[in-house]
Amino acid sequence: MRLKASLHLHTSEDKKDGHIINYNVYNLIDEAEKHGFNVLGFTPHNKFVFKEAFADYAKQKGILLIPGVERGLGRFFHGHVIILNCCQTIEKVKTLKQLLKYKNEHPEIFILAPHPTYNRFISIGARKLKKYINLFDAIEYSYAYSKKLNFHNQKAKSIAARFKKPIIATADVHVLKKLNTDFTIIETEEFTLEGVFQAIKCGQFENVTAPKSLFALIKYYINFLTKYIVKYITVKTLGSP
């Protein structure tokens, strides 16, 4: 069977970016149903906020909602790593070394390297990606590229090919209308968590992605940054809510 999947998603429940997102997990699931998605990776930043009620609601819509988190790891620059099928104990993990140990203790998890070669404030970087390559089950092909500017994805793709790792498209959704732009079609005999992960590891999928206009990307990031600045000024002026 063919399963439409998006494995890097954020909602207003996110403790880091939630204040700039105007939809919740239920809205996300409703939108995913409209576009025929079968599998969603719920990946809020740093904190594990998954609830069984979320999964139950998704199941009613015929969607498998995978619990996860996008953790910022490292002492100085917090490179992002996505851990799927984890639990709240993942919040204790602070470094890639600790994550390696955690994975050995929790072989059921699936680890994705999101936007691994973008800027050092959100990416682990090419050097660490190669150093800890055995930690990762897949590498992300980021939505944030245009026809002329795609060297970050090309670098990630090159590393994935060198180490024979699957590279999967995601939309890193922070805006609901972006959900159906970049995703993966997975071929599997089982509509289960294990079936989905195994199919990806075996390369049984195809990516659906297309370059964005440079103007659209710049507009998106300006809007994103503006919301953060407004939030910062509000907190400084009025104090934390």
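Notes on the structure in this doc start here. This one's a predicted model, so the numbers in the text were calculated from it and none came from an experiment.

## Section: the side chain of Ser-146
Stage number 1. When you line up the elements, Ser-146 lands in the loop between strand E6 (138-141) and helix H5 (151-162).
Stage number 2. Residue Ser-146 is classed as buried on the basis of its relative accessible area of 5%.
Stage number 3. Not counting chain neighbours up to four residues away, the residues in contact with Ser-146 comprise Pro-211, Lys-212, Leu-214 and Leu-217.

## With respect to the pattern of salt bridges
Any two side chains of opposite charge can pair, given that their charged atoms come close.
Stage number 1. For the coordinates displayed, the defined rule picks out nine salt bridges.
Stage number 2. Here Lys-201 ties to Asp-137 by a salt bridge, and the two come within 3.9 Å at their closest N and O atoms. Here Asp-137 lies in the loop between helix H4 (125-131) and E6 and Lys-201 lies in helix H6 (residues 193-201), a separation of 64 residues in the sequence.
Stage number 3. On the basis of relative accessible area, Lys-201 is assigned to the partly exposed category, the value being 39%.
Stage number 4. Here Lys-212 and Asp-182 are joined by a salt bridge, their closest N and O atoms 3.1 Å apart. Taken together, the residues span a long stretch of sequence, with Lys-212 in the loop between strand E9 (205-208) and helix H7 (214-238) and Asp-182 in the loop between strand E7 (167-169) and strand E8 (183-187) at a distance of 30 residues. Per residue, the accessibility class of Lys-212 equals that of Asp-182, and both read buried.
Stage number 5. The structure contains a network of salt bridges with shared partners spanning Arg-2, Glu-187 and Glu-206.

## Some thoughts on the environment of Lys-94
Stage number 1. By the secondary structure assignment, Lys-94 is in the loop between strand E4 (79-84) and helix H3 (96-105).
Stage number 2. Residues Lys-94 and Arg-71, spaced 23 residues apart in sequence, show a C-alpha to C-alpha distance of 8.3 Å.
Stage number 3. Setting aside residues no more than four positions away along its own chain, Lys-94 makes contact with Arg-71, Leu-73 and Gly-74.

## Notes on the sheet that holds E6
Stage number 1. Across the sheet, nine strands lie side by side as E7-E6-E5-E4-E3-E2-E1-E8-E9; this open sheet has mixed pairing. Two strands bound the open sheet, and with one partner strand each, they are E7 and E9. Going from strand to strand, the sheet's axes swing by 30° on average, the running direction of each strand aside.
Stage number 2. As judged from the six bridges shared by strand E3 (residues 64-73) and E4, these two strands associate in the antiparallel manner.

## Brief notes about the nonpolar core
Stage number 1. Formed by 51 residues in total, the largest nonpolar core has its most connected members in Leu-65, Val-81, Ile-83, Leu-99, Phe-136 and Ile-139.
Stage number 2. The leading source of residues in this core is helix H1 (residues 25-34), at four residues.
Stage number 3. Core analysis: the next-biggest nonpolar cluster, separate from the first, contains 18 residues, Ala-5, Val-39, Ile-186 and Ile-200 among them.

## Regarding H3
Stage number 1. The set of residues buried in H3 consists of Leu-96, Leu-99, Tyr-102 and Lys-103. Each buried residue of H3 sits inside an arc of 110° when the element is viewed along its axis, so together they form one side. Of the exposed residues in H3, those oriented more than 90 degrees away from the buried face are Lys-97, Lys-101, Asn-104 and Glu-105.
Stage number 2. Its buried side turned inward, H3 meets E3, E4, strand E5 (110-113) and H4.

## Considerations on the pairing of E5
Stage number 1. Side chains of E5 alternate between two faces, with Phe-110 and Leu-112 and Ile-111 and Ala-113 buried alike.
Stage number 2. Relative to E5, E4 runs antiparallel, the two being bridged by three bridges. Counterpart to Ile-82 in the pairing with E5 is Leu-112.
Stage number 3. Examined bridge by bridge, E5 and E6 share two bridges and lie parallel to one another. Each bridged residue has a counterpart across the sheet, and for Leu-112 the counterpart in E6 is Ala-138.
Stage number 4. After leaving E5, the chain enters H4 and then returns to the sheet as E6, a path that is right-handed.

## Notes on a positive patch on the surface
Stage number 1. On the surface, Arg-75, Lys-97, Arg-127 and Lys-131 cluster together to form a positively charged patch.
Stage number 2. Relative to the helices and strands, Lys-131 is located in helix H4.
Stage number 3. Classification of Lys-131 by relative accessible area gives exposed; the value is 58%.

## A few points about a nonpolar patch on the surface
Stage number 1. Together, Leu-149, Phe-151, Leu-214, Ile-218 and Ile-222 make up a nonpolar patch on the protein surface, roughly 480 Å² of accessible area in all.
Stage number 2. Broken down by element, the nonpolar patch gets its largest block of residues, three residues, from H7.
Stage number 3. Within the secondary structure, Ile-222 is located in helix H7.

What counts as what
Residues numbered from 1 in each chain as written. Predicted model: local features only at pLDDT ≥ 70, side-chain atom pairs only at ≥ 80, totals over all residues. Heavy atoms only, no water. Helix = DSSP H or I, 4+ residues; strand = E, 2+ residues; numbered from the N terminus. Buried < 20%, exposed > 50% of the residue type's maximum accessible area, 1.4 Å probe, protein only. Contact = heavy atoms within 4.5 Å. Salt bridge = Lys/Arg side-chain N within 4 Å of Asp/Glu carboxyl O. Pairing = 2+ DSSP bridges. Axes fitted to C-alpha atoms, helices over the stretch in contact; angles between N-to-C directions. Core = buried A, V, L, I, M, F, W, Y, C linked by side-chain atoms within 4.5 Å. Arc of directions from axis to C-beta. Right-handed = clockwise from strand over helix to strand, strands pointing away. Patch = residues over 30% accessible without salt bridge, like charges linked within 9 Å, V, L, I, M, F, W, Y side chains within 5 Å. Areas by Shrake-Rupley, 256 points an atom, 1.4 Å probe, with all protein chains shown as cover. Lys, Arg positive; Asp, Glu negative; His and termini not counted. Charge placed at Lys NZ, Arg CZ, Asp CG, Glu CD.

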